[in-house]
Amino acid sequence: MITNGRVERLDFIVAGAQKCGTTALHYQLEKHPQIALPNKEELHFFDDEERFAKGVNYQDLHDSFHPPSRAFIAGESTPAYLYWRPTMERIWNYSKEIKLIVLVRNPVDRAFSHWNMQRERGYDTLDFLDAVRAEQQREKEAAPSQARRFSYIGRGLYGEQIGRVLKYFPREQLKVVRSEELRSDFAGAMNAIFNFVGAEPLRNVRNKERNPIRYERPITAAERSEVYKLFEKDIATLEKLLDWDCSDWKL
(Lines give C-alpha, C1' and ligand atoms only; values in the text may rest on other atoms or scores of the structure.)
Protein backbone atom coordinates (compact mmCIF):
# COMPACT_ATOMS: atom_id res chain seq x y z
CA MET A 1 0.00 0.00 0.00
CA ILE A 2 1.37 3.36 -1.07
CA THR A 3 0.01 6.61 0.35
CA ASN A 4 1.21 10.05 -0.76
CA GLY A 5 4.24 8.56 -2.46
CA ARG A 6 5.35 6.52 0.55
CA VAL A 7 5.12 2.80 1.21
CA GLU A 8 2.92 2.13 4.24
CA ARG A 9 2.73 -1.66 3.90
CA LEU A 10 3.90 -4.26 1.38
CA ASP A 11 1.16 -5.79 -0.74
CA PHE A 12 3.13 -8.84 -1.90
CA ILE A 13 6.41 -10.72 -1.55
CA VAL A 14 8.13 -13.00 -4.03
CA ALA A 15 9.31 -15.54 -1.44
CA GLY A 16 11.17 -18.07 -3.58
CA ALA A 17 12.50 -20.34 -4.72
CA GLN A 18 16.11 -19.66 -5.66
CA LYS A 19 17.15 -20.59 -9.24
CA CYS A 20 13.51 -20.84 -10.37
CA GLY A 21 13.17 -17.63 -12.41
CA THR A 22 12.80 -15.06 -9.65
CA THR A 23 15.29 -12.64 -11.25
CA ALA A 24 13.33 -12.60 -14.53
CA LEU A 25 10.14 -12.12 -12.52
CA HIS A 26 11.69 -9.26 -10.55
CA TYR A 27 12.77 -7.60 -13.81
CA GLN A 28 9.21 -7.66 -15.16
CA LEU A 29 7.63 -6.51 -11.90
CA GLU A 30 10.08 -3.62 -11.84
CA LYS A 31 8.95 -2.51 -15.32
CA HIS A 32 5.26 -2.32 -14.34
CA PRO A 33 4.29 1.33 -13.74
CA GLN A 34 1.76 0.43 -11.03
CA ILE A 35 4.24 -1.60 -8.95
CA ALA A 36 6.96 -0.28 -6.65
CA LEU A 37 9.95 -2.46 -5.78
CA PRO A 38 12.80 -1.57 -3.42
CA ASN A 39 16.02 0.08 -4.50
CA LYS A 40 17.75 -3.30 -4.78
CA GLU A 41 16.73 -6.87 -5.44
CA GLU A 42 16.70 -9.27 -2.46
CA LEU A 43 16.41 -7.09 0.63
CA HIS A 44 16.79 -10.11 2.97
CA PHE A 45 14.72 -8.22 5.52
CA PHE A 46 12.67 -11.09 6.97
CA ASP A 47 15.58 -13.57 7.08
CA ASP A 48 17.92 -11.16 8.88
CA GLU A 49 18.46 -12.87 12.23
CA GLU A 50 20.38 -9.97 13.75
CA ARG A 51 17.61 -7.52 12.85
CA PHE A 52 14.91 -9.61 14.50
CA ALA A 53 17.05 -10.37 17.55
CA LYS A 54 17.44 -6.65 18.24
CA GLY A 55 13.82 -5.72 17.60
CA VAL A 56 12.51 -5.13 14.12
CA ASN A 57 11.74 -1.67 12.75
CA TYR A 58 9.50 -1.97 9.69
CA GLN A 59 10.20 1.63 8.74
CA ASP A 60 13.63 0.41 7.61
CA LEU A 61 11.81 -1.86 5.16
CA HIS A 62 9.52 0.87 3.87
CA ASP A 63 12.38 3.36 3.50
CA SER A 64 13.97 1.02 0.95
CA PHE A 65 11.37 2.17 -1.59
CA HIS A 66 11.10 5.27 -3.77
CA PRO A 67 7.82 4.59 -5.56
CA PRO A 68 7.27 5.89 -9.10
CA SER A 69 4.43 8.38 -9.44
CA ARG A 70 1.84 5.92 -10.83
CA ALA A 71 2.61 3.08 -8.42
CA PHE A 72 0.06 2.02 -5.81
CA ILE A 73 1.25 -1.57 -5.16
CA ALA A 74 4.45 -2.35 -3.23
CA GLY A 75 6.35 -5.61 -3.08
CA GLU A 76 9.77 -7.14 -2.74
CA SER A 77 11.57 -10.30 -3.86
CA THR A 78 13.91 -12.39 -1.71
CA PRO A 79 13.98 -16.06 -2.81
CA ALA A 80 15.52 -17.20 0.48
CA TYR A 81 12.29 -16.49 2.38
CA LEU A 82 10.63 -19.73 1.33
CA TYR A 83 13.60 -21.76 2.59
CA TRP A 84 14.39 -19.81 5.77
CA ARG A 85 12.23 -21.39 8.47
CA PRO A 86 11.35 -18.35 10.67
CA THR A 87 10.34 -16.05 7.82
CA MET A 88 6.71 -17.03 7.30
CA GLU A 89 5.77 -16.32 10.89
CA ARG A 90 7.64 -13.01 10.69
CA ILE A 91 5.85 -12.04 7.47
CA TRP A 92 2.51 -13.06 9.02
CA ASN A 93 3.25 -10.87 12.06
CA TYR A 94 4.03 -8.01 9.67
CA SER A 95 0.89 -8.40 7.56
CA LYS A 96 -1.74 -11.10 7.63
CA GLU A 97 -3.20 -9.86 4.32
CA ILE A 98 0.01 -9.92 2.28
CA LYS A 99 0.12 -11.98 -0.92
CA LEU A 100 2.94 -14.42 -1.55
CA ILE A 101 4.37 -15.52 -4.89
CA VAL A 102 6.46 -18.68 -5.18
CA LEU A 103 8.22 -20.01 -8.27
CA VAL A 104 9.22 -23.67 -8.42
CA ARG A 105 10.96 -25.88 -10.95
CA ASN A 106 12.01 -29.51 -11.18
CA PRO A 107 13.95 -29.76 -7.89
CA VAL A 108 16.73 -31.88 -9.41
CA ASP A 109 17.33 -29.26 -12.10
CA ARG A 110 17.12 -26.52 -9.48
CA ALA A 111 19.76 -28.27 -7.34
CA PHE A 112 22.09 -28.72 -10.31
CA SER A 113 21.68 -25.06 -11.30
CA HIS A 114 22.36 -24.00 -7.70
CA TRP A 115 25.54 -26.11 -7.59
CA ASN A 116 26.71 -24.63 -10.90
CA MET A 117 26.19 -21.13 -9.54
CA GLN A 118 28.23 -21.88 -6.42
CA ARG A 119 30.92 -23.56 -8.53
CA GLU A 120 31.08 -20.60 -10.92
CA ARG A 121 31.44 -18.18 -8.00
CA GLY A 122 34.22 -20.27 -6.49
CA TYR A 123 32.27 -21.18 -3.34
CA ASP A 124 32.08 -24.93 -3.90
CA THR A 125 34.94 -27.08 -5.17
CA LEU A 126 33.13 -30.40 -4.71
CA ASP A 127 31.62 -32.23 -7.66
CA PHE A 128 27.81 -32.26 -7.77
CA LEU A 129 27.06 -35.58 -6.07
CA ASP A 130 29.83 -35.04 -3.53
CA ALA A 131 28.30 -31.65 -2.69
CA VAL A 132 24.84 -33.21 -2.31
CA ARG A 133 26.22 -35.94 -0.06
CA ALA A 134 28.05 -33.34 2.04
CA GLU A 135 24.94 -31.23 2.58
CA GLN A 136 23.84 -32.80 5.86
CA GLN A 137 27.28 -32.31 7.39
CA ARG A 138 27.42 -28.74 6.16
CA GLU A 139 23.99 -28.17 7.69
CA LYS A 140 25.27 -29.46 11.03
CA GLU A 141 28.26 -27.14 10.83
CA ALA A 142 25.95 -24.17 10.22
CA ALA A 143 23.74 -25.02 13.21
CA PRO A 144 21.80 -23.59 14.93
CA SER A 145 21.28 -21.57 11.74
CA GLN A 146 20.45 -23.02 8.32
CA ALA A 147 23.06 -23.53 5.62
CA ARG A 148 22.66 -20.86 2.95
CA ARG A 149 25.24 -21.50 0.24
CA PHE A 150 25.16 -25.27 0.05
CA SER A 151 21.43 -25.99 0.48
CA TYR A 152 21.07 -27.83 -2.83
CA ILE A 153 18.48 -30.29 -1.52
CA GLY A 154 17.04 -28.14 1.25
CA ARG A 155 15.88 -25.34 -1.04
CA GLY A 156 14.11 -27.79 -3.34
CA LEU A 157 11.86 -29.32 -0.68
CA TYR A 158 8.87 -27.32 -1.87
CA GLY A 159 6.25 -29.52 -0.24
CA GLU A 160 7.76 -28.96 3.19
CA GLN A 161 8.23 -25.24 2.60
CA ILE A 162 4.82 -24.52 1.09
CA GLY A 163 3.29 -26.55 3.90
CA ARG A 164 4.93 -24.08 6.26
CA VAL A 165 3.48 -21.15 4.29
CA LEU A 166 -0.02 -22.60 4.51
CA LYS A 167 0.20 -22.84 8.29
CA TYR A 168 0.07 -19.06 8.35
CA PHE A 169 -1.63 -17.93 5.15
CA PRO A 170 -4.80 -19.08 3.35
CA ARG A 171 -4.39 -20.69 -0.06
CA GLU A 172 -5.94 -17.71 -1.86
CA GLN A 173 -3.07 -15.47 -0.70
CA LEU A 174 -0.48 -17.79 -2.25
CA LYS A 175 0.32 -18.06 -5.96
CA VAL A 176 2.67 -20.89 -6.95
CA VAL A 177 3.98 -20.84 -10.50
CA ARG A 178 6.10 -23.50 -12.18
CA SER A 179 9.14 -22.11 -13.99
CA GLU A 180 8.26 -24.45 -16.85
CA GLU A 181 5.08 -22.36 -17.26
CA LEU A 182 7.14 -19.17 -17.30
CA ARG A 183 9.24 -20.55 -20.14
CA SER A 184 6.34 -21.89 -22.21
CA ASP A 185 3.99 -18.90 -21.81
CA PHE A 186 5.92 -16.08 -20.20
CA ALA A 187 3.47 -13.30 -21.06
CA GLY A 188 0.47 -15.31 -19.85
CA ALA A 189 2.18 -16.31 -16.61
CA MET A 190 3.35 -12.75 -15.94
CA ASN A 191 -0.08 -11.24 -16.54
CA ALA A 192 -1.60 -13.83 -14.20
CA ILE A 193 0.89 -12.66 -11.56
CA PHE A 194 0.07 -9.01 -12.25
CA ASN A 195 -3.61 -9.83 -11.81
CA PHE A 196 -2.87 -11.68 -8.56
CA VAL A 197 -1.19 -8.62 -7.01
CA GLY A 198 -3.86 -6.24 -8.33
CA ALA A 199 -2.02 -4.66 -11.26
CA GLU A 200 -3.25 -4.30 -14.82
CA PRO A 201 -1.94 -6.69 -17.49
CA LEU A 202 0.77 -5.45 -19.83
CA ARG A 203 0.68 -5.85 -23.60
CA ASN A 204 4.41 -6.16 -24.19
CA VAL A 205 5.93 -8.75 -21.86
CA ARG A 206 9.12 -10.48 -22.99
CA ASN A 207 11.29 -12.92 -21.13
CA LYS A 208 14.84 -11.72 -20.67
CA GLU A 209 17.44 -13.91 -18.99
CA ARG A 210 19.13 -11.69 -16.44
CA ASN A 211 21.74 -13.93 -14.82
CA PRO A 212 22.72 -16.87 -17.04
CA ILE A 213 24.82 -19.52 -15.33
CA ARG A 214 27.60 -21.19 -17.28
CA TYR A 215 27.19 -24.90 -16.72
CA GLU A 216 30.40 -26.87 -16.44
CA ARG A 217 28.64 -29.85 -18.04
CA PRO A 218 25.15 -31.38 -18.32
CA ILE A 219 23.75 -33.40 -15.44
CA THR A 220 24.27 -37.13 -15.90
CA ALA A 221 21.55 -39.78 -15.78
CA ALA A 222 23.19 -41.34 -12.71
CA GLU A 223 23.25 -38.00 -10.90
CA ARG A 224 19.62 -37.29 -11.77
CA SER A 225 18.55 -40.72 -10.52
CA GLU A 226 20.37 -40.44 -7.18
CA VAL A 227 19.22 -36.89 -6.44
CA TYR A 228 15.62 -37.54 -7.51
CA LYS A 229 15.33 -40.15 -4.74
CA LEU A 230 15.98 -37.37 -2.20
CA PHE A 231 13.02 -35.39 -3.53
CA GLU A 232 10.55 -38.16 -4.34
CA LYS A 233 8.49 -38.01 -1.12
CA ASP A 234 8.47 -34.23 -1.04
CA ILE A 235 7.21 -34.04 -4.64
CA ALA A 236 4.29 -36.27 -3.60
CA THR A 237 3.61 -33.91 -0.68
CA LEU A 238 3.58 -30.92 -3.02
CA GLU A 239 1.14 -32.65 -5.37
CA LYS A 240 -1.29 -33.22 -2.50
CA LEU A 241 -0.95 -29.69 -1.12
CA LEU A 242 -1.59 -27.97 -4.44
CA ASP A 243 -3.60 -30.67 -6.22
CA TRP A 244 -0.91 -30.73 -8.90
CA ASP A 245 0.42 -33.37 -11.24
CA CYS A 246 4.23 -33.26 -11.28
CA SER A 247 4.69 -36.30 -13.49
CA ASP A 248 7.21 -34.47 -15.65
CA TRP A 249 9.50 -34.14 -12.61
CA LYS A 250 9.49 -37.86 -11.95
CA LEU A 251 11.79 -40.57 -13.33
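Above: the structure in question.
Residues numbered from 1 in each chain as written. Predicted model: local features only at pLDDT ≥ 70, side-chain atom pairs only at ≥ 80, totals over all residues. Heavy atoms only, no water.

Observations regarding the overall build of the protein
Secondary structure summary: the protein contains 12 helices and seven strands in total. Expected size for 251 residues packed as a compact globule is a radius of gyration near 18 Å; at 18 Å, the protein falls within 12% of this value. Principal axes of the C-alpha set define a box for the protein whose edges measure 55 × 45 × 35 Å. Accessible surface for the protein amounts to roughly 12500 Å². Of this, 46% is attributable to carbon and sulfur atoms. Across the protein, the 39 positively charged side chains and the 38 negatively charged ones have centroids separated by 2 Å. (Helix = DSSP H or I, 4+ residues; strand = E, 2+ residues; numbered from the N terminus. Rg over C-alpha atoms; globule rule 2.2 N^0.38 Å. Areas by Shrake-Rupley, 256 points an atom, 1.4 Å probe, with all protein chains shown as cover. Lys, Arg positive; Asp, Glu negative; His and termini not counted. Charge placed at Lys NZ, Arg CZ, Asp CG, Glu CD.)

Overview of the pairing of strand β6 (residues 99–104)
Of all six residues in β6, five are buried; the element is thus mostly enclosed. Inspection of the sheet shows strand β3 (residues 12–16) paired to β6 by four bridges, in the parallel sense. Residue Ile-13 lies in a different strand from β6, and its bridge partner there is Leu-100. Bridge analysis of β6 against strand β7 (residues 174–178) gives five bridges, and the strand direction is parallel. Across the sheet, residue Leu-103 finds its bridge partner in β7, namely Val-177. (Buried < 20%, exposed > 50% of the residue type's maximum accessible area, 1.4 Å probe, protein only. Pairing = 2+ DSSP bridges.)

Section: the packing of aromatic side chains
Tallying each qualifying case throughout the model produces 15 aromatic pairs. Look at Trp-115 and Phe-128: their rings are 5.6 Å apart centre to centre, the planes differ by 50 degrees, and that puts the pair in the tilted class. Placement of Trp-115 in helix α6 (residues 107–120) and of Phe-128 in helix α7 (residues 128–133) is noted, with a sequence separation of 13 residues between them. The two residues Trp-115 and Phe-128 agree in class, both being buried. Through a chain of ring-to-ring contacts, three or more aromatic side chains come together here, namely Phe-45, Phe-46, Phe-52, Tyr-58, Tyr-81 and Tyr-94. The ring centre of Phe-150 lies 3.8 Å from the NZ or CZ of Arg-138, which sits over that ring. (Phe/Tyr/Trp six-rings, centres within 6.5 Å; stacked < 30°, edge-to-face > 60°. Lys NZ or Arg CZ within 6 Å of the ring centre and 35° of its normal.)

Observations concerning the layout of surface pockets
Roughly 310 Å³ of volume is contained in the second largest pocket. Surrounding the second largest pocket, 14 residues form its lining, Glu-135, Glu-139, Ile-153, Gly-154 and Leu-157 being those nearest its centre. In terms of residue class, the lining of the second largest pocket is made up of five nonpolar, four polar and five charged. (1 Å grid on protein atoms, 1.4 Å probe; cavity = no way out; pocket = protein on both sides within 12 Å on 5 of 7 lines; lining within 4 Å. Points joined across faces, edges and corners; volume = space filled by probe spheres on them. Nonpolar A, V, L, I, M, F, W, Y, C, P; charged D, E, K, R; others polar.)

What about the sheet that holds strand β5 (residues 73–77)?
In space, the five strands of this open sheet follow the order β4-β5-β3-β6-β7, with parallel pairing throughout. Where the open sheet ends on each side, the last strands, each with one partner, are β4 (35–36) and β7. Across the sheet, helix α11 (residues 186–197) is in contact with β3, β4, β5, β6 and β7; its angle to β6 comes to roughly 160 degrees. (Contact = heavy atoms within 4.5 Å. Axes fitted to C-alpha atoms, helices over the stretch in contact; angles between N-to-C directions.)

What about the environment of Asp-11?
As for its position among the elements, Asp-11 is in the loop between β2 (6–7) and β3. Distance in space between the C-alpha atoms of Asp-11 and Val-165 is 16 Å, their sequence separation being 154 residues. Discounting chain neighbours no more than four positions away, the residues touching Asp-11 are Met-1, Phe-72, Ile-73, Ala-74, Ile-98 and Lys-99.

Concerning the state of the cysteines
This model, assessed by the stated rule, comprises zero disulfides. Take Cys-20: it sits in no disulfide, and the sulfur closest to it among the cysteines is that of Cys-246, at 12 Å. (Disulfide = S-S within 2.5 Å.)

Examining the pattern of salt bridges
What the rule picks out here adds up to 15 salt bridges. Where Arg-138 meets Asp-124, a salt bridge forms, and the shortest distance between an N and an O atom there is 3.0 Å. Linking Arg-138 in helix α8 (residues 135–142) with Asp-124 in the loop between α6 and α7, this pair joins segments that are 14 residues apart in sequence. For the pair formed by Arg-138 and Asp-124, the shared burial category is buried. Residue Glu-223 is joined to Arg-217 by a salt bridge in which the shortest nitrogen-to-oxygen separation is 2.6 Å. Since its relative accessible area comes to 23%, Arg-217 is described here as partly exposed. Via salt bridges that share partners, Asp-48, Arg-51 and Asp-60 belong to a single interconnected network. (Salt bridge = Lys/Arg side-chain N within 4 Å of Asp/Glu carboxyl O.)

Considerations on helix α12 (residues 221–242)
Residues separated by three or four positions in an α-helix point in the same direction, a consequence of the helix having 3.6 residues per turn. Along its length, α12 reaches its greatest deviation from straightness, about 45 degrees, at Phe-231. Among the residues of α12, Glu-223, Val-227, Tyr-228, Phe-231, Asp-234, Ile-235, Leu-238, Glu-239 and Leu-242 are the ones counted as buried. (Bend = angle between axes of the 7 residues up to and from the residue.)

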